[in-house]
Amino acid sequence: MGAHVLADCLARAAGDHRAAYARYERRMRPFVTLNQALATENPGGPASEESVAHAKNALALDS
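What you are looking at is a predicted structure, and each value in this text was computed from that prediction instead of being measured.

Attention now goes to the packing of helix α1 (residues 2-12) against helix α2 (residues 17-41). Contact pair α1 / α2: the axes reach a minimum separation of 8 Å and the direction vectors enclose 140°. Considered as vectors, α1 and α2 are oriented oblique to each other. Regarding α1 and α2, the two cross each other, and that crossing is right-handed. Between α1, through Gly2, Val5, Leu6, Asp8, Cys9, Leu10 and Arg12, and α2, the contact on the second element is made entirely by His17, Ala20, Tyr21, Arg23, Tyr24, Arg27 and Met28.

In structure tokens, the structure reads:
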């Protein structure tokens, strides 16, 4: 997913890689944060189905 989002950001940035990386960070940060939280939600056990579903849907590929 990250590679797809980065490629999209670079394509939309018209050669401005700094703008592309900033857009990439804005788009990916919520997704990454939610997915990282899954690791600590229930130490020694699985994360809740609700948390997993929320993390999976935290990134729109058409933004």
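So, about the nonpolar core. Core analysis: the biggest nonpolar cluster contains seven residues, these being Val5, Cys9, Ala13, Ala20, Met28, Phe31 and Leu59. Broken down by secondary-structure element, the contributors of at least two residues to this core are α1 and α2. It is α2 that contributes the most residues to this core, three residues altogether. Contact partners of Val5, with chain neighbours within four places excluded, come to Tyr24, Arg27, Met28, Leu59 and Leu61.

Attention shifts here to the pattern of salt bridges. It is possible for side chains of opposite charge to pair when their charged atoms get near one another. Throughout the structure, instances matching the rule amount to three salt bridges. In this structure, Arg12 and Asp8 form a salt bridge, with 2.9 Å as the shortest nitrogen-oxygen distance. Remark: Asp8 and Arg12 occur in helix α1; sequence separation between them is four residues, near one turn of the helix. Salt bridges sharing partners connect three or more residues here, namely Asp8, Arg12 and Arg27.

Right, let's get into unusual backbone geometry. One non-glycine residue, Ala14, adopts positive backbone phi at about 50°. Relative to the helices and strands, Ala14 is located in the loop between α1 and α2. Given a relative accessible area of 75%, Ala14 falls into the exposed group.

Between α2 and helix α3 (residues 49-56), whose axes approach to 8 Å, the crossing angle comes to 160°. It follows from the interaxial angle that α2 and α3 lie roughly antiparallel. As α2 packs across α3, the resulting crossing turns out to be left-handed. Two secondary-structure elements touch here, α2 through Phe31, Leu34, Asn35, Leu38 and Glu41 and α3 through Ser51, Val52, His54, Ala55 and Lys56.

Rules used throughout
- Residues numbered from 1 in each chain as written.
- Predicted model: local features only at pLDDT ≥ 70, side-chain atom pairs only at ≥ 80, totals over all residues.
- Heavy atoms only, no water.
- Axes fitted to C-alpha atoms, helices over the stretch in contact; angles between N-to-C directions.
- Helix = DSSP H or I, 4+ residues; strand = E, 2+ residues; numbered from the N terminus.
- Parallel < 35°, antiparallel > 145°, perpendicular 65-115°, else oblique.
- Left-handed = near helix turned anticlockwise from the far one by under 90°.
- Contact = heavy atoms within 4.5 Å.
- Core = buried A, V, L, I, M, F, W, Y, C linked by side-chain atoms within 4.5 Å.
- Buried < 20%, exposed > 50% of the residue type's maximum accessible area, 1.4 Å probe, protein only.
- Salt bridge = Lys/Arg side-chain N within 4 Å of Asp/Glu carboxyl O.

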